[in-house]
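Report on the structure
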Amino acid sequence: NAGVMQNPRHLVRRRGQEARLRCSPMKGHSHVYWYRQLPEEGLKFMVYLQKENIIDESGMPKERFSAEFPKEGPSILRIQQVVRGDSAAYFCASSPDRSSGNTIYFGEGSWLTVV
Amino acid sequence: QKEVEQDPGPLSVPEGAIVSLNCTYSNSAFQYFMWYRQYSRKGPELLMYTYSSGNKEDGRFTAQVDKSSKYISLFIRDSQPSDSATYLCAMSARGTSYGKLTFGQGTILTVHP
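What to know about the overall build of chain A
If you tally the helices and strands in chain A, you get 0 helices and 11 strands. Secondary structure of chain A in N-to-C order comes out as β-β-β-β-β-β-β-β-β-β-β. Computed over the C-alpha atoms, the radius of gyration of chain A is 13 Å, within 12% of the 13 Å expected from 2.2 N^0.38 for a compact globule of 115 residues. If one aligns the C-alpha atoms of chain A with their principal axes, the spans along those axes are about 40 × 25 × 25 Å. Taken across its 115 residues, chain A has 44% of its residues classed as buried. The contacts of chain A with a sequence gap of at least 6 include a subset with a gap of at least 24, amounting to 52%. Here chain A contributes 16 positively and 12 negatively charged side chains, and the mean placements of these two sets differ by 5 Å.

What follows is the structure, encoded as structure tokens:
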């Protein structure tokens, strides 16, 4: 009964490097969401994807951030040229089709530290 | 002003107490209301889901939604030390992207033996 799987759990990057975070949704789920949790702040929506499609990226920073959910394989959140302000916990969530309502299930998160 | 306001606490109660956690919101379009529990360095875990106004009970947990006051609550009866965690309220509006939730800041709860 695997839940949402995220890796790596912890990632350290130097300023200017790239960070890649991966997410495999729960079995049978076709919707993936990425959220960011900054220190002392709540979870903030970043992007909503279905297979091969970005549905809503209204929460994504305009530069350096991108996300994909390919036909095969996990969803990837990519942060280019990381800066100290990118240090945060990044959570992936998934859900089945719309019939389940607006309930989504989160993974354990990936903690990014930029030094 | 934030769309969802939640007192960050911290809140400390003795074991067995009734805990009341609350959120207020400003967006009258919110229709779906959720409570998540998050342990330290873990992902949020869905506790309760409510659509529109009313009460919902699940074991020791009761969720209440008062849309007229834009106020939601989570009550925990017979609180246990294992309930110590951060509790996040979340909500979304009809017509927004599926799964696009607006979260409160979270309330840190400690239940001491």
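After that view of the structure, there is still more to cover.
Some details on the packing of aromatic side chains
Residue and element names in this part refer to chain B. Within this structure, the stated rule accounts for 13 aromatic pairs over all chains. Relative to Y51, the ring of Y32 lies with its centre 5.1 Å away and its plane at 40°, an arrangement referred to as tilted. Of this pair, Y32 sits in strand β4 (residues 30–38) while Y51 sits in strand β5 (residues 45–51), and the two are 19 residues apart along the sequence. When its relative accessible area of 14% is taken as the criterion, Y32 is described as buried. Judged by its relative accessible area of 38%, Y51 falls in the partly exposed class.

Quick word on the sheet that holds strand β1 (residues 4–5) of chain B
Residues and elements named next belong to chain B. As summarised here, the arrangement of the 5 strands in space is β1-β3-β8-β7-β6, forming an open sheet in which the pairing is antiparallel. Both outer strands of the open sheet, β1 and β6 (54–58), are each paired with one neighbouring strand and no more. Where β1 and strand β3 (residues 19–25) come together, 2 bridges link them in antiparallel fashion. Looking across to β3, one finds that V4 is bridged to Y25.

Brief notes about the interface of chain A and chain B
Reports often express the size of an interface as the amount of accessible area lost when the parts come together. Each partner contributes to the interface: chain A provides 28 residues, whereas chain B provides 20 residues. Summing the contributions of chain A and of chain B, the shared interface buries around 2,100 Å²; its carbon and sulfur component is 52%. If you look at where chain A meets chain B, you find 2 salt bridges. Applying the counting rule to chain A against chain B returns 8 residue pairs in polar contact (both at pLDDT 80 or more). Contributing elements (two or more residues each) for the side of chain A that touches chain B: β4 (31–37), β5 (43–50), β9 (88–95) and β10 (105–106) of chain A. Its residues assigned to classes, the side of chain A that touches chain B comprises 11 nonpolar, 11 polar and 6 charged.

Topic: the sheet that holds strand β8 (residues 75–79) of chain A
Residues and elements named next belong to chain A. Here we have 4 strands laid out as an open sheet, ordered β1-β3-β8-β7, and antiparallel in their pairing. Strands with a single pairing partner mark the edges of an open sheet, and in this sheet they are β1 (5–7) and β7 (65–68). This sheet shows a mean twist of 15° between the axes of neighbouring strands, independent of strand direction. Sheet topology note: the β7/β8 ladder contains 4 bridges and is antiparallel.

Criteria and cut-off values
- Residues numbered from 1 in each chain as written.
- Chains lettered and ligands numbered in written order.
- Predicted model: local features only at pLDDT ≥ 70, side-chain atom pairs only at ≥ 80, totals over all residues.
- Heavy atoms only, no water.
- Helix = DSSP H or I, 4+ residues; strand = E, 2+ residues; numbered from the N terminus.
- Rg over C-alpha atoms; globule rule 2.2 N^0.38 Å.
- Buried < 20%, exposed > 50% of the residue type's maximum accessible area, 1.4 Å probe, protein only.
- Contact = heavy atoms within 4.5 Å.
- Lys, Arg positive; Asp, Glu negative; His and termini not counted.
- Charge placed at Lys NZ, Arg CZ, Asp CG, Glu CD.
- Phe/Tyr/Trp six-rings, centres within 6.5 Å; stacked < 30°, edge-to-face > 60°.
- Pairing = 2+ DSSP bridges.
- Buried area = accessible area lost by both parts, 1.4 Å probe.
- Salt bridge = Lys/Arg side-chain N within 4 Å of Asp/Glu carboxyl O.
- Polar contact = N/O pair within 3.5 Å; in protein donor to acceptor, adjacent residues only side chain to side chain.
- Nonpolar A, V, L, I, M, F, W, Y, C, P; charged D, E, K, R; others polar.
- Axes fitted to C-alpha atoms, helices over the stretch in contact; angles between N-to-C directions.

Purely spatial values, then, with no claim about function.
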